[in-house]
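What follows is the residue order along each chain.
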Amino acid sequence: MENNELIPKKHKILDVYAQTDLDITYIVEYHGPLVVGTFLQVSIPRVGEAPISVSDFGDGFVELTIRKVGTLTDEIYNLNKGDYMYLRGPYGNGFDINQYKNKHLIVVTGGTGLAPVKQLVNYFSDNKNEVKKFDILLGFKSPKDVLFKDSIAKWKKNANVIVTVDSANALKTWDDKEGLVTEFISEFKVKDIDEVEVIVVGSPLMMKFTVLEFLKRGIPKSKIWVSFERKMSCGVGKCGHCKIDDTYVCVDGPVFDFVKGETLID
Amino acid sequence: MGFKLSNIEFNDIIKELSKNHKVYAPKRVESRGRFSDTDLILYKEIEAVEEIVYDKKSTYSPKEIITPITQTMFYFNEDGYKEANIDDKKIVIFIRPCDINALRRLDTIFLKNGDTEDYYYKRLREKVTIIMIECKESFENCFCVSMKSNKTEKYDLAVRISDEGVLCTSNTKEFTELLSKYKEVDFKPKFVKKNINVVNVPNITDINKEIFNHEMWDEFNARCIACGRCTTTCSTCTCFNTTDLHYDDNPNSGERRRTWASCHIDGFTTMAGGHNFRKDNASRMRFKAMHKIYDYQKRFGENMCVGCSRCDDICPQYIKFSSTINKISNVLKEGGKDGK
Ligand SMILES: Cc1cc2nc3c(=O)[nH]c(=O)nc-3n(C[C@H](O)[C@H](O)[C@H](O)COP(=O)(O)OP(=O)(O)OC[C@H]3O[C@@H](n4cnc5c(N)ncnc54)[C@H](O)[C@@H]3O)c2cc1C
Ligand code: SF4
Ligand code: SF4
Ligand code: FES
């Protein structure tokens with residue numbers, strides 16, 4: 001049983017925060033090294049297992065932000081502080097923070113796509129002298145879907161942050177932007193293309209059109225980073241669900257530069 | 001060097017092996033085949049050589065012995081986990097050259113890919129002793145020669161079974177000892193050198209983006225019914241789903257299971273929210289075909305398909321994978337451009 005990677009371990013939930021009506025952030029007891037952009041296989045025995053991105057981590061804890069969408073996540077939604085989750089991992093390659101140091105970093109996310117890069121955004125917001133310029137563009141469906149509001153408020157002090165919603169439904173209190181993320185990419189002024197690194201994470205369609213906008217502006221594919229989401233059952237390169245061409249998203253990804261990302265035809 | 005045993009003598013060997021092994025071989029199961037008048041030939045435990053169907057191809061591959069169709073991974077209750085046990089006995093399989101070559105593909109996925117060894121596969125795989133059944137001649141549809149998997153040296157014992165008895169040759173000390181009291185003869189297994197079904201396998205460096213989007217796949221939208229039988233019979237398909245279940249009498253206890261999955265069947269790529277990466281049967285066929293003769297090779301250095309042609313034998317729609325491979329080669333020869 002020692003070398004059985006697939007047996008999950010019991011972890012205590014230390015804290016729970018509601019982000020939206022459907023998304024909840026769980027602070028879970030966790031010891032061991034983690035990398036931004038990797039994921040854990042989260043389960044409740046008798047219900048099921050699913051891949052969930054590490055949205056943040058620190059001494060003795062991991063933060064997971066989980067959207068209620070189905071069998072397992074419905075059940076997780078009911079968990080409280082003091083309850084337990086079962087975890088295995090971490091899996092995947094994640095983002096290499098060094099890649100973005102001393103660069104003009106642009107991060108664009110759609111919806112829950114913010115979760116896998118939140119820790120990275122935090123890092124460069126806290127250490128803003130480590131990037132030349134930092135632009136952040138966050139898209140959500142509507143004002144009530146905005147995630148990590150406290151963090152966003154903090155980032156706004158240290159970086160150029162644009163928050164946009166597809167539709168604000170004429171909400172008077174909404175003083176950020178309205179429209180798809182692709183409409184705001186022209187607002188980023190790129191001085192030196194060689195210095196730019198772009199990270200795009202969201203739904204398959206959002207990533208497709210956002211990446212296109214950057215390509216149109218001459219950003220090379222090797223400087224655009226995406227994180228793929230695919231159906232996964234094992235997380236360790238055996239079950240075959242996440243395979244695209246000769247690439248296993250769970251072990252080779254989920255983070256790819258677009259030179260590679262472009263070649264992956266499902 | 002080899003040995004010649006009568007069936008009665010060989011049955012003594014099987015009996016001896018059975019003391020601490022489960023002995024599996026292709027066995028006839030009556031009238032459940034694709035057409036109701038054809039029997040199924042399935043891998044089952046045997047006690048005597050006469051039960052082995054040596055002159056026909058088995059309908060299903062032996063893979064289910066080491067990757068069961070459904071397998072309990074572990075049980076759980078309020079207190080924790082208990083790993084699902086397996087039989088203490090070791091395993092002997094009577095297996096053909098193409099299927100021995102297929103085993104290497106299973107090993108690659110389960111033991112090498114992704115840097116971790118699959119615990120459940122390994123614990124069964126380690127138990128396996130291989131007795132190769134010589135193929136006297138190619139069966140209908142087989143294209144093992146085209147896939148370069150007609151030959152192998154990876155066996156513990158090789159046998160030529162006939163109604164008159166069994167000729168065998170051993171690659172291990174254990175089998176040589178076990179056989180030493182029988183009549184020595186000259187025997188070396190032969191391998192099939194030619195199949196009627198000759199398949200033109202494309203060179204992977206010729207595969208281009210155009211072939212992925214080519215109209216040649218469109219016919220499968222009408223023809224393939226996405227039943228997944230081609231993948232269940234396939235000796236090299238390895239994909240699986242993981243599911244949990246709980247017991248009615250105690251909802252807090254249950255088990256986690258793993259079950260074969262097929263890339264032809266709905267849901268294989270469906271994510272929460274309903275996004276499905278390959279909706280139509282044409283793109284699923286393209287995905288499977290490319291895995292078998294292109295991307296697996298790109299990653300691991302040899303093609304995944306071994307040409308056992310069980311997929312061709314079983315398809316209720318008479319879709320021939322071997323013809324599909326030929327078609328890919330033809331399209332590439334014509335420049336790979338879309339004919340539209
Ligand atoms: C690398 C990676 C990282 C991820 N990170 C996160 C994260 O940080 N946070 C997060 O919330 N999620 C994340 N996800 C997604 C998460 O894994 C899924 O939301 C989760 O698997 C859903 O599981 P479930 O059992 O709750 O849903 P399920 O019950 O499995 O529901 C989804 C399934 O049900 C079916 N289904 C449900 N609704 C429909 C419909 N309308 N139409 C058709 N079929 C439907 C589909 O088959 C689908 O696969 C990540 C996924 C990956 C691959
Ligand atoms: S190719 Fe034939 S056996 Fe395979 S899924 Fe399609 S109809 Fe079924
Ligand atoms: S794809 Fe068909 S011929 Fe190739 S190994 Fe699988 S069942 Fe055999
Ligand atoms: S999730 Fe199983 S192979 Fe990637």
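Residues numbered from 1 in each chain as written. Chains lettered and ligands numbered in written order. Predicted model: local features only at pLDDT ≥ 70, side-chain atom pairs only at ≥ 80, totals over all residues.

1. Observations regarding the domain arrangement of chain B
Residues and elements named next belong to chain B. The following threshold applies: Domain boundaries shown here were taken from an automatic or database domain assignment. Helix and strand assignments come from DSSP, with helices taken as H or I runs of at least 4 residues and strands as E runs of at least 2, each series counted from the N terminus. Throughout this entry, Asp, Glu, Lys and Arg are counted as charged residues, while Ala, Val, Leu, Ile, Met, Phe, Trp, Tyr, Cys and Pro are counted as nonpolar. The remaining residues, Gly among them, count as polar.
Domain parsing of chain B yields domain 1 (2-185) and domain 2 (204-333). Placing a centre on the C-alpha atoms of domain 1 and another on those of domain 2 gives a separation of 25 Å. If you tally residues by element for the side of domain 1 that touches domain 2, the top one is helix 2 (residues 97-112), at nine residues. Of the residues assigned to the side of domain 1 that touches domain 2, the class counts are 15 nonpolar, 12 polar and five charged.

2. Things to note about unusual backbone geometry
Definition in use: Here exposure depends only on C-beta density: within 10 Å of a residue's C-beta, 20 or more other C-beta atoms make it buried, 12 or fewer make it exposed, and intermediate numbers make it partly exposed, the C-beta atoms being placed from the backbone.
Residue Pro-90 of chain A follows Gly-89 of chain A across a cis peptide bond; omega there is 0°. Turning to its location among the elements, Pro-90 of chain A is positioned in strand 6 (residues 84-91). Although it is not a glycine, Phe-148 of chain A sits at a positive phi angle of roughly 50°. Tracing the backbone shows Phe-148 of chain A in the loop between strand 8 (133-140) and helix 3 (149-158). The phi dihedral of Ser-309 of chain B is positive, around 60°, even though this residue is not glycine. Under the C-beta neighbour-count criterion, Ser-309 of chain B is labelled buried, with 26 such atoms within 10 Å.

3. Thoughts on the site of ligand 3
What counts, and what does not: Any residue whose backbone-placed C-beta atom lies within 6 Å of a molecule or strand is treated as near that molecule or strand.
Residues in close proximity to ligand 3 total 13 residues, the closest being Cys-234, Cys-305, Cys-308, Arg-310 and Cys-311 of chain B. Of the residues belonging to the shell around ligand 3, the class tally is six nonpolar, five polar and two charged.

4. So, the interface of chain A and chain B
Rule in force here: Contact criterion: two residues are in contact if their C-beta atoms, reconstructed from the backbone, are within 7 Å.
With 31 residues of chain A at the interface, the matching set in chain B holds 35 residues. Residues of the side of chain A that touches chain B, tallied by class, amount to 13 nonpolar, eight polar and 10 charged.

5. So, the pairing of strand 8 (residues 157-162) of chain B
Residue and element names in this part refer to chain B. This is how it is decided: Two strands qualify as a pair provided that DSSP identifies no fewer than 2 bridges between them.
Most of strand 8 sits out of view: five of its six residues are buried. Where strand 8 and strand 9 (residues 165-170) come together, six bridges link them in antiparallel fashion. From the neighbouring strand, Ala-158 faces strand 9, where its bridge partner is Thr-169. Where strand 8 folds back onto strand 9 in an antiparallel hairpin, the turn is made up of two residues.

6. Observations regarding the environment of Thr-73 of chain A
Residue and element names in this part refer to chain A. Along the chain, Thr-73 turns up in helix 1 (residues 71-77). Taking the C-alpha atoms as reference points, Thr-73 and Ile-265, 192 residues apart in sequence, are found 29 Å from one another. Ignoring sequence-local partners within four residues, the contact set of Thr-73 consists of Ala-50, Ile-66, Arg-67 and Lys-68.

7. Section: the sheet that holds strand 5 (residues 80-83) of chain B
Residue and element names in this part refer to chain B. How we decide: Simply put, an axis is a line fit to the C-alpha atoms, just over the touching stretch for a helix, and the angle between two N-to-C directions goes from 0 to 180 degrees.
If you trace the four strands from one edge of the open sheet to the other, you get 5-4-12-11, paired in antiparallel fashion. In this open sheet, the two edge strands, each paired with only one partner strand, are strand 5 and strand 11 (240-247). With direction set aside, neighbouring strand axes in the sheet form an average angle of 25°. The pairing of strand 4 (residues 70-77) with strand 5 spans four bridges and is antiparallel. For Asn-77, the partnering residue across the bridge sits in strand 5 and is Gly-80.

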